[in-house]
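Structure at a glance
Chain by chain, the residues:
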Amino acid sequence: MKVSTKLALVSGAAAIAFAASAEARTLRLNHNNPPDHPLHGSMEYMGERLSALTDGRWDIQVFPNGQLGNQRESMELVQSCALDMAKSNASELEAFTPAYSALNLPYLFVNEDHLFDVLTGEIGDEILDSSRENGFQGIGFFVEGARSFYGNKAIYSPEDLKGMKIRVQPSPSAIRMVELLGGNPTPIAWGELYSALQQGVVDGAENNPTAMTTARHGEVAKHFSLDEHTMIPSAVVISNCAWDEMTDEDKAAFHEAAIDAARYHREAWDKISDQAMVDMQEQLGVEVNEVDKAPFVEAVQPMYEEITSTSPVVADLVARIQEEGKNYGGQ
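Structural notes, computed from the coordinates. (Residues numbered from 1 in each chain as written. Predicted model: local features only at pLDDT ≥ 70, side-chain atom pairs only at ≥ 80, totals over all residues. Heavy atoms only, no water.)

In the structure shown here, the tally under the stated rule is one disulfide. The disulfide that involves Cys-81 links it to Cys-241, with 2.0 Å between the sulfurs. Its S-S torsion of about 85° marks the bond between Cys-81 and Cys-241 as right-handed, since a negative value means left-handed. Note that Cys-81 is positioned in the loop between α3 (71-79) and β3 (85-89) and Cys-241 in helix α11 (residues 240-244), a separation of 160 residues in sequence. On the accessibility criterion, Cys-81 (30% relative accessible area) is partly exposed. (Disulfide = S-S within 2.5 Å. Helix = DSSP H or I, 4+ residues; strand = E, 2+ residues; numbered from the N terminus. Buried < 20%, exposed > 50% of the residue type's maximum accessible area, 1.4 Å probe, protein only.)

Have a look at this one:
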């Protein structure tokens, strides 16, 4: 082969490679957890799958620890297309689009299998698609187990919550739940919660077991009470601007990457959550309190009528979730 021919082939290959790299698009995804949190690894895995499924046309760069803003700020940036993607959760997202409130009712899900199948099925898709008029598209959910109360004293019943200032997310459902249980709901940003617990600004909070370990809340809150009131999933969303840049083929690939990542995350989450239950006791000296859930369930029942009466869409979602729950032993 002549040198000129070889040079032409090399130049052609280089031009193709340059064109491919020029077309590649990296999405910035912000979240408020540390890099050793399972959610961070799962979102990175989602990016790897997206890149593989789109032949490198799309990729995700994940920013932990709220580098691009806290959870509320990053959602507002996504709405204005100043940020491509964000991780939030159903509690905070109900303030942006009502359908997410269906996931926030206490004691709605029979077990974690029920939750996961709802999130990765038709109901989950409807909720993710419900926000287009609000500036963003839901991509997928990540389970985070059950949330329970923790703080400076053991909580065995709603009576024990009376007079306690409980940190909640800026969510109408979370605020109402704590009110019905007798506590004083106090919205505080996640990044400020450790110092708020340490300084007595709040008496307690509610979250899953990893909050005690990865966020080190077990250093300043020595009682974790297993009432397991809600199973609030995280959700990854993308701005309408970025979503509309994608072809239908790439959108389908993104949904596939999200489902793959949801399965990957669930397995990783179960291991880390189980370990957190051990570590909070053995390493941080946290006392885990077993709880009779019946009084908690009874106290929050008014929320069902209150939430479902706000919207026929939400009422339909809740009814269908409850109906599916019968397949998992629910009433």
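That covers the picture; the talk isn't over yet.
What follows covers unusual backbone geometry. A positive phi angle is found at Asn-65, which is not glycine, with a value near 55°. Within the secondary structure, Asn-65 is located in the loop between β2 (58-63) and α3. Residue classification places Asn-65 among the partly exposed residues on the basis of a relative accessible area of 49%. Its identity as a non-glycine residue notwithstanding, Glu-228 has a phi of 50°, on the positive side. Along the chain, Glu-228 falls in strand β9 (residues 223-230).

Below, the discussion takes up the pattern of salt bridges. As enumerated under the stated definition, the model contains 20 salt bridges in all. Of the charged contacts in the structure, one is a salt bridge between Asp-84 and Arg-25, with a shortest N-O distance of 3.2 Å. Here Asp-84 is found in the loop between α3 and β3, whereas its partner Arg-25 is found in strand β1 (residues 25-30), with 59 residues between them in sequence. Residue class for Asp-84 comes out buried when judged on its relative accessible area of 10%. Taking the shortest distance from any N to any O, the salt bridge between Lys-271 and Glu-267 comes out at 3.9 Å. Here Glu-267 and Lys-271 lie together in helix α12 (residues 248-282), a separation of four residues that amounts to about one turn. (Salt bridge = Lys/Arg side-chain N within 4 Å of Asp/Glu carboxyl O.)

With that settled, consider the packing of helix α2 (residues 38-53) against α12. It is the contact of α2 with α12, at a shortest axis distance of 8 Å, that shows an interaxial angle of 150°. Considered as vectors, α2 and α12 are oriented roughly antiparallel to each other. Seen along the crossing, α2 lies across α12 with a hand that is right-handed. Touching Pro-38, Leu-39, Gly-41, Ser-42, Tyr-45, Met-46, Arg-49, Leu-50 and Leu-53 of α2 are Ala-253, Phe-254, Glu-256, Ala-257, Ala-258, Asp-260, Ala-261, Tyr-264, His-265, Trp-269 and Ile-272, all from α12. Among the residues making up the contact of α2 with α12, the classes are represented as 14 nonpolar, three polar and three charged. (Axes fitted to C-alpha atoms, helices over the stretch in contact; angles between N-to-C directions. Parallel < 35°, antiparallel > 145°, perpendicular 65-115°, else oblique. Left-handed = near helix turned anticlockwise from the far one by under 90°. Contact = heavy atoms within 4.5 Å. Nonpolar A, V, L, I, M, F, W, Y, C, P; charged D, E, K, R; others polar.)

Here Phe-63 lies in strand β2. For the pair formed by Phe-63 and Leu-181, sequence separation is 118 residues and the distance between their alpha carbons is 36 Å. Dropping the residues within four chain positions of it, Phe-63 is found in contact with Arg-28, Leu-29, Asn-30, His-31 and Leu-68.

A separate point is the layout of surface pockets. The space that makes up the largest pocket amounts to roughly 540 Å³. As for the largest pocket, its lining consists of 32 residues, of which Asn-32, Arg-167, Ala-189, Trp-190 and Gly-191 are closest to the centre. Among the secondary structure elements, those contributing two or more residues to the lining of the largest pocket are α3, β3, α9 (193-199) and α10 (210-213). Residue composition of the lining of the largest pocket, by class: ten nonpolar, 16 polar and six charged. (1 Å grid on protein atoms, 1.4 Å probe; cavity = no way out; pocket = protein on both sides within 12 Å on 5 of 7 lines; lining within 4 Å. Points joined across faces, edges and corners; volume = space filled by probe spheres on them.)

This brings us to the side chain of Asn-289. Turning to its location among the elements, Asn-289 is positioned in strand β11 (residues 287-290). Not counting residues within four places of it along the chain, the set of residues in contact with Asn-289 comprises Ala-154, Ile-155, Tyr-156, His-223, Phe-224, Ser-225 and Leu-226.

Helix packing geometry: the angle between the two helix axes and the distance between the axes. For the pair helix α5 (residues 112-119) and α12, interaxial distance at closest approach is 12 Å and the crossing angle is 160°. Taken together, the axes of α5 and α12 are roughly antiparallel relative to one another. The crossing of α5 and α12 is right-handed. Two secondary-structure elements touch here, α5 through Glu-112, Asp-113 and Phe-116 and α12 through Ala-262, Arg-263, Arg-266 and Asp-270. Split by residue class, the contact of α5 with α12 holds two nonpolar, no polar and five charged.

Interpretation note: all reported values are geometric properties and have no functional meaning in isolation.
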